[in-house]
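Take a look at the letters that make up each chain.
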Amino acid sequence: MIRHVTTLFVAHLRDERRAGEVMLVIVPFGTVALLVVPMAVGIDTPLLDRIGPGMFWVVLLLFGTIVTQRQSASLGESRRDMLTLLGVDPAVRFVAAALAAALLLTVFAVVIGAVTFVLYDPEVVDPGWLAAIVPLTCAGIAMVGTIAGNVAGGLGTRSSLAPLLVVPIAVPILLAGAQATEGLRMGLGILRWILLLSVVDIVLALAGVLTARPLEES
Amino acid sequence: MLGLLRVMATLLRPASGTGTVLGARLATPEVESIRPRIGFVAHDPALAPHLTLAENLYLVAALAGATRVAADRALADVGLAGAARRRVVHCSNGMRRRAEFARMLLIGPSLLLLDEAHVGLDPEAFRLVAHVVAEVTGRGGAAVLVSHERERAAAMIERAVEVRDGTLAEVAP
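Caption draft 1: The arrangement of the overall build of chain B in detail. Across its full length, chain B holds seven helices and seven strands. What you see for chain B is a C-alpha radius of gyration of 16 Å, in line with the 16 Å of a compact globule of 173 residues. Taken over the C-alpha atoms alone, chain B extends approximately 45 × 40 × 30 Å along its principal axes. Per-residue burial for chain B yields a buried fraction of 47% across its 173 residues. Across chain B, every contact between residues at least 6 apart in sequence was considered, and the portion connecting residues at least 24 apart equals 63%. Accessible surface, chain B: about 8500 Å² in total, of which carbon and sulfur atoms supply 51%. The distance from the centre of the 20 positive side-chain charges to the centre of the 18 negative ones in chain B is 5 Å.

Caption draft 2: Up close: the environment of V171(B). Residue and element names in this part refer to chain B. With respect to the helices and strands, V171 occurs in strand β7 (residues 167-171). The sequence separation of V171 and T67 amounts to 104 residues, and the corresponding C-alpha distance is 41 Å. Sequence-distant contacts of V171, defined by excluding residues within four places in its chain, comprise R150, A160, V161, E162 and R164.

Caption draft 3: Representation of helix α5 (residues 90-120) of chain A in the model. All names here are of chain A. Between its first and last C-alpha atoms α5 spans 42 Å; for 31 residues at 1.5 Å apiece the expected length is 45 Å, and the two agree. Residue D89 occupies the N-cap position of α5, its side-chain oxygen lying 2.8 Å from the main-chain nitrogen of A91. Following α5 by one or two positions, D121 has its phi on the positive side, about 50°.

Caption draft 4: Representation of the pattern of salt bridges within the structure. Residue and element names in this part refer to chain B. Throughout the structure, instances matching the rule amount to nine salt bridges over all chains. Note that E32 and R35 form a salt bridge whose closest N and O atoms lie 3.4 Å from each other. A residue is classified by how much of its surface remains accessible, and E32, at 32% relative accessible area, is partly exposed. For E135, the salt bridge goes to R139, with nearest N and O atoms at 3.0 Å. The exposure class of E135 is partly exposed, given its relative accessible area of 26%.

Caption draft 5: Layout of the packing of helix α4 (residues 68-77) of chain B against helix α5 (residues 93-107) of chain B. Residues and elements named next belong to chain B. Close contact between α4 and α5 brings their axes to 8 Å; oriented N to C, the two are set at 135°. By the angle between their directions, the pair α4 and α5 is classed as oblique. Of the two possible hands of crossing, α4 and α5 adopt the one that is right-handed. Across from A70, A71, A74, L75 and D77 in α4, the residues of α5 making contact are A102, L105 and L106.

Cut-offs used in this document
Along each chain, residues carry numbers from 1 onward, in the same order as the chain's sequence is written. Throughout, the order in which chains and ligands are written sets their labels, letters from A for the former and numbers from 1 for the latter. Selection of residues for local features in this predicted model requires a pLDDT of at least 70, selection of side-chain atom pairs for listing and counting requires 80 or more, and totals for whole chains, interfaces and linings are taken over all residues. Excluding hydrogens and water, the side-chain figures rest on all heavy atoms present in the structure. Think of it this way: any DSSP run of H or I at least four residues long counts as a helix, any run of E at least two long counts as a strand, and we number them from the N terminus. C-alpha atoms define the radius of gyration, and 2.2 Å times the number of residues to the power 0.38 defines the globule rule. Buried residues are those whose accessible area, probed at 1.4 Å on protein chains only, stays under 20% of the maximum for their type, while exposed residues exceed 50% and partly exposed ones sit between those limits. Only heavy atoms matter for contacts: two residues are in contact if any of them lie within 4.5 Å across the pair. In these tables, accessible area is a Shrake-Rupley quantity obtained with a 1.4 Å probe, and a residue counts as shielded only by the protein chains included in the view. The sign given to each residue is positive for Lys and Arg and negative for Asp and Glu; His and the chain ends receive no count. For the purpose of locating charges, the reference atoms are NZ of Lys, CZ of Arg, CG of Asp and CD of Glu. Helix span is expected to be 1.5 Å times the residue number reduced by one. Pairs of N or O atoms are called polar contacts if they sit within 3.5 Å, as long as, within protein, a hydrogen donor faces a hydrogen acceptor (for residues adjacent in sequence, only side-chain-to-side-chain pairs). Each salt bridge in this description consists of a side-chain nitrogen of Lys or Arg and a carboxyl oxygen of Asp or Glu lying within 4 Å of one another. Only the stretch in contact is used when a helix axis is fitted, and all axes are lines through C-alpha atoms; the angle between N-to-C directions ranges over 0 to 180 degrees. Should an angle lie under 35 degrees it is considered roughly parallel, over 145 roughly antiparallel, and from 65 to 115 roughly perpendicular; all remaining angles are considered oblique. Crossing handedness is defined as follows: a turn of the near helix away from the far one that is anticlockwise and smaller than a right angle gives a left-handed crossing, while the clockwise case is right-handed.

Worth remembering: the numbers are spatial, not functional.
In structure tokens form, the structure reads like this:
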């Protein structure tokens with residue numbers, strides 16, 4: 001099972017690296033989206049410091065939805081059928097796709113995070129915590145997106161239905177991430193938010209693994 | 001016909017009725033064990049577009065427990081050895097179809113299901129259909145072909161059926 005996950009995970013990333021949609025399209029557009037607000041409000045440093053983390057999370061949600069949808073949509077019906085006939089468990093496919101989406105989303109978050117620090121200069125008391133907050137949040141969004149892709153898979157309305165499923169469920173994850181970064185900014189304790197993100201990720205992972213087969217067979 | 005093939009491939013539950021495939025009853029957990037023995041080539045190729053033909057076959061080999069050497073041999077058998085490093089997006093429909101046949105040769109199914117078996121193939125590649133079918137039936141397996149090229153299919157089939165008004169009717173091969 002681990003061998004199958006690794007094989008599919010590597011194939012997902014290789015396919016994405018060659019397609020270049022995340023690194024060559026989504027990252028630049030995400031960066032431009034972050035650039036718009038400082039251009040609009042000028043050099044009002046206190047205001048930029050205040051809204052910087054919020055802008056980061058909004059851009060992560062909007063473009064993250066695209067990243068996760070791109071990942072789940074890349075597997076068409078023929079390839080799903082092939083993997084099923086090769087004996088690849090649907091749960092394995094979920095784990096591989098979610099891991100690949102989480103990694104891509106984390107890379108995206110690191111890039112736009114760096115841009116946020118440069119453009120908005122937010123004050124963060126202990127930035128080391130970001131190494132936990134960002135991957136946990138990205139993993140949550142990636143799993144929600146992958147589950148939504150499985151739910152909407154095979155439907156003609158997939159491309160419009162899947163984002164509608166992702167956003168409402170991803171918003172609480174982002175709220176936890178945003179509260180955690182706000183806690184860092186204000187010098188408050190953030191352990192409860194880290195715990196909340198961890199619990200949500202575990203629940204989503206279990207939900208994804210347990211629902212993968214029923215969703216496929218339905 | 002694609003729906004019927006997907007039912008036979010155990011990928012789709014029959015809306016009504018019962019049936020067995022390779023001894024397993026459809027729509028029961030029994031189908032799990034026979035799925036790796038089924039080879040299904042749909043009209044749309046099951047290929048990752050940005051991977052090369054070889055990488056696609058290596059992926060199948062890794063998941064099916066076969067070797068890369070066997071994957072290279074399968075590609076050579078269908079005449080794609082020279083294009084193995086070409087990405088799928090840069091391949092013609094005929095090459096993609098050949099790659100699908102290479103996948104069948106690689107996994108060696110007991111039941112081969114080919115949808116629109118002759119579509120997208122150049123005349124030289126028509127013999128590949130017969131080659132893949134012969135490879136499966138030569139091992140005691142069975143092949144089901146859906147084709148509009150009745151004359152080409154006639155040489156390799158034992159039974160033929162036509163779909164008339166939604167029902168199957170046996171006709172002379």
